[in-house]
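Residue strings, one per chain:
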Amino acid sequence: MDKKMMTIDLNSHVLLDKAEKDGVETMYDRKQGFKSQCGFGLQGNCCRICGMGPCRITPKTPRGICGADEHVIVGRNFARMVAGGTAAHSDHARDIAHTMALSSRDGNYKIRDEEKLIILAKEWDVETEGRDIYDIAHEVADVALMEFGKPHGVARFLKNAPEPRQKIWKDLGIEPRAIDREIATIMHSTHIGCTGDIDSLIHMSLRTALADGWVGSMIGTRFSDILFGTPTVRETEANLGVLEDNKVNIILHGHEPSLSEMIVLASEDPELVALAKEMGADGINLAGMCCTGNEVTMRHGVKTAGDFHQQELAIVTGAVEAMIVDVQCIFPALAKVADCYHTKFITTSPKAKIAGSTYMEFSEETAYADGYKIVKEAVLNFKNRDKEKVLIPELKSKATVGYSADAILGQLDRVVNSHIDPAGTLKPLADCLKSGVLRGAVGVVGCNNAKGVSNLAHVTIMKELIKNDILVVTTGCGASAAAKFGLMTKEARKLAGKGLATVCDLVDIPPVLHLGSCVDCSRILDVVGGTAKLLDMDMSDLPVAGVAPEWMSEKAVAIGSYVVASGIDTYLGVMPPVTGSSRAVEILCGELQDMVGAKFTVNENPQELAQIIIQDIEKKRVHFENLV
Ligand code: SF4
Ligand code: FE2
């Protein structure tokens, strides 16, 4: 396939030509190289868990050497994906909790949202009366850190879910206990000679995934809001056209805001701005990528340079002085691409060292000093830019971002009848859903996947949903796609159906709302859970859905699994590696419905998938008819 057929982003088309001219290999070349991918891997029925393997299931070899059949092998592989994803999100959360433990009035990290901290402290029975806010923060951080390995009880955040949902989890025995324990249990149970039962493997996958969504990701989001400020509505721009010709361009890529917040501060340091000018630049231009991009755009309006599939292409512009990364979703290939230009590829985390990069360790203890050094390295690199090699593509879109659950409440307050309801309620949203002005609300989230055309499924599905009066909320690279394609603007209201467009006008929102990074899918749980509680329903009764049209990471498998376990139907545009077991497909795409009130649906055609979602949302509305 022509490489340009592999993405619908026109900036990417321009840069693919440039990469070819510059002799630079990108993921699109490598994808072409993999003419056919391993069928066993695709179906999930290759086992490499012990040294007797690999064992691959075929009609002639229906069992591995130990006797594991295709169901056990697929189930074990699936469970390990969930464990990997949960580990990534939750280890991110652990770092943020440690950062909060370090916070101080005159240190690098301060408490920016005291109200949110107090609410959480009260939820967790931490004494707040007459105490210094930092004492409270430190105790709350310690309580959070205990959620990773506490020996007794179940996760604290579970009680935030609607009661019927909590009962389902309890009855099924899928209440997560402690995050690390659930991950370790999966790693143990999938070791050779342990669990040999697919039902049990999926059961423990759901419990571990819930530790991701309702514990790790919630800690990640809430603690980030407390430390760095809860996002508020703001304007920004997205796509590689945000890079600037005459400024030091720094791209922030990865996930954890502890680093990116310091880079944002350092990039405004007068000494570094002056140094940039000394180097002949007009200033410093920050742009974000992947989830770090989402974090800094939500809190500071930092422009979004692009998504997961554009990380190499950003360097191909020849205009990037530094690509600064921490953890997750970073191509090791960046080292090689950066070698072809003057770009410094700066890794910062001991958890994600990459051969060929410039390693400048970032530590929360010396955060600002580290951030300063890293930005200085970028600024000093401006003199090495080769003007002949620069090509910044033109396209960029405006976007309104910053819709944390709190900011959504703020927008809804515009239509609250203050004589009847207090401010800060989800009631207007619940009313719109009940009346049918909004047919439903759908989270379109997740990555980009080279198995499909970059951005195509995200954009197609979002457009189709809003046209049918379904409000779209989005995180991760789904959010970057929406921003790049202009779906987060007031003008996008003209693409919405009449009901949604009216709501957008009244509440002053775009039809697609940016909720943040991948861990911020926890904001979606908060909004859906809150709406269900208000209506005295379970989350599975609402006309809502989760969609990951272009998912690729283990984190996405964990997210999909906790969304389903939360009672929200989940639609995937890429088949997970489970088709090697008919039983796995039967459970994930069928029997889960009876267990948790939701299931997975997979369709690789975005148009068809959108129509299935719309039909299913309409079917869900029957719960409202019963209410009347
Ligand atoms: Fe083969 Fe069993 Fe070892 Fe897997 S655990 S590699 S199926 S012998
Ligand atoms: Fe992400």
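This structure is a prediction, so every number in the text was calculated from the model and none was measured. (Residues numbered from 1 in each chain as written. Chains lettered and ligands numbered in written order. Predicted model: local features only at pLDDT ≥ 70, side-chain atom pairs only at ≥ 80, totals over all residues. Heavy atoms only, no water.)

A. Fine view of the domain arrangement of the protein chain. Under the domain assignment used here, the protein chain contains domain 1 (3-56), domain 2 (70-228), domain 3 (240-389) and domain 4 (399-627). Measuring from the centre of the C-alpha atoms in domain 2 to the corresponding centre in domain 4 gives 23 Å. The partner domain 4 presents 39 residues to the 37 residues of domain 2 that form the contact. A combined buried area of about 3,200 Å² lies between domain 2 and domain 4, and 70% of that area is made up of carbon and sulfur atoms. Sorting the residues of domain 2 by area buried against domain 4 places Met81, His89 and Arg165 first, and these three jointly supply 19% of that buried surface. Those elements giving two or more residues to the side of domain 2 that touches domain 4 turn out to be α4 (70-102), α7 (163-172) and α9 (198-228). Split into classes, the residues belonging to the side of domain 2 that touches domain 4 amount to 19 nonpolar, 10 polar and 8 charged. (Domains from an automatic or database assignment. Contact = heavy atoms within 4.5 Å. Buried area = accessible area lost by both parts, 1.4 Å probe. Helix = DSSP H or I, 4+ residues; strand = E, 2+ residues; numbered from the N terminus. Nonpolar A, V, L, I, M, F, W, Y, C, P; charged D, E, K, R; others polar.)

B. The pattern of salt bridges, seen in detail. Summed over all chains, the structure comprises 47 salt bridges. Here Lys116 makes a salt bridge to Asp406, at a shortest N to O gap of 3.1 Å. Of this pair, Lys116 sits in helix α5 (residues 114-123) while Asp406 sits in helix α16 (residues 405-412), and the two are 290 residues apart along the sequence. Salt bridges linked by common partners bring Lys116, Asp225, Glu295, Arg299, Asp406, Asp520 and Arg523 together as one network. (Salt bridge = Lys/Arg side-chain N within 4 Å of Asp/Glu carboxyl O.)

C. Region of the structure containing the state of the cysteines. A full pass over the atoms with the stated rule returns 0 disulfides. Cysteine Cys46 is unpaired, with the sulfur of Cys38 as its nearest cysteine sulfur at 6.3 Å. (Disulfide = S-S within 2.5 Å.)

D. Main features of the coordination of the iron ion (ligand 2). Surrounding the iron ion (ligand 2) are the protein donor atoms His255 (NE2), Cys291 (SG) and Cys518 (SG), which sit 2.3 to 2.5 Å from the metal. Considered as a linear motif, the donors of the iron ion (ligand 2) on their single chain read H-x35-C-x226-C. One end of the pair, His255, is in the loop between β4 (248-253) and α10 (257-267); the other, Cys518, is in the loop between β13 (512-516) and α21 (521-534), and 263 residues separate them in sequence. (Donors = N, O, S within 2.8 Å, 3.2 Å for Na, K, Ca; no water.)

E. Summary view of helix α8 (residues 179-189). By the burial criterion, the buried members of α8 are Ile179, Glu182, Ile183, Ile186 and Ser189. Angularly, the buried residues of α8 cover 140° about the axis, an arc narrow enough to put them on a single face. Packed against the buried residues of α8 are α4, α6 (133-149) and α9. (Buried < 20%, exposed > 50% of the residue type's maximum accessible area, 1.4 Å probe, protein only. Arc of directions from axis to C-beta.)

F. Inspection of the site of ligand 1 at higher detail. Neighbouring ligand 1 are Cys47, Ile49, Cys50, Met52, Gly53, Cys55, Gly64, Ile65, Cys66, Ile73, Arg76 and Ile192. Looking at the shell around ligand 1 residue by residue, the class counts come to 9 nonpolar, 2 polar and 1 charged. Two domains each provide a minimum of three residues to the shell around ligand 1, namely domain 1 (3-56) and domain 2 (70-228). (Near = heavy atom within 4 Å.)

G. Seen up close, the side chain of Asp370. Among the secondary structure elements, Asp370 is positioned in helix α15 (residues 367-380). Buried charge without a partner: Asp370 forms no salt bridge, and the closest opposite charge is Lys373, 4.2 Å away. With residues up to four places along the chain from it excluded, the contact list for Asp370 reads Glu361, Phe362 and Ser363. (Lys, Arg positive; Asp, Glu negative; His and termini not counted.)

H. A look at the packing of aromatic side chains. The final tally for this structure, using the stated rule, is 6 aromatic pairs. For the ring pair Tyr109 and Phe228, a centre distance of 6.1 Å and an interplane angle of 70° mean the geometry is edge-to-face. Separated by 119 residues along the polypeptide, Tyr109 in the loop between α4 and α5 and Phe228 in helix α9 bring together distant segments of the chain. In this structure, Tyr109 and Phe228 share a single accessibility class: buried. Geometrically, the ring pair formed by Trp169 and Trp214 is edge-to-face, given 5.3 Å between the ring centres and 65° between the ring planes. Within this pair, whereas Trp169 is found in helix α7, its partner Trp214 is found in helix α9, the two being separated by 45 residues in sequence. For Trp214, a relative accessible area of 1% corresponds to the buried category. Every member of this aromatic cluster is reached through a ring pair, and the members are Trp124, Phe157 and Phe223. Against the face of Tyr341 rests Lys389, its NZ or CZ located 5.1 Å from the ring centre. (Phe/Tyr/Trp six-rings, centres within 6.5 Å; stacked < 30°, edge-to-face > 60°. Lys NZ or Arg CZ within 6 Å of the ring centre and 35° of its normal.)

I. How the structure looks around the pairing of strand β15 (residues 569-572). Here β15 shows no split at all, with Asp569 and Tyr571 on one side and Thr570 and Leu572 on the other all buried. Sheet topology places strand β14 (residues 544-548) next to β15; 4 bridges connect them, and they run parallel. Of the residues in β15, the one forming a bridge with Gly546 is Thr570. In the classification by handedness, the crossover that spans β14, the intervening helix α22 (residues 554-565) and the parallel β15 is right-handed. With 3 bridges joining them, β15 and strand β16 (residues 600-602) adopt parallel strand pairing. Bridging across to β16, Leu572 finds its partner in Val602. (Pairing = 2+ DSSP bridges. Right-handed = clockwise from strand over helix to strand, strands pointing away.)

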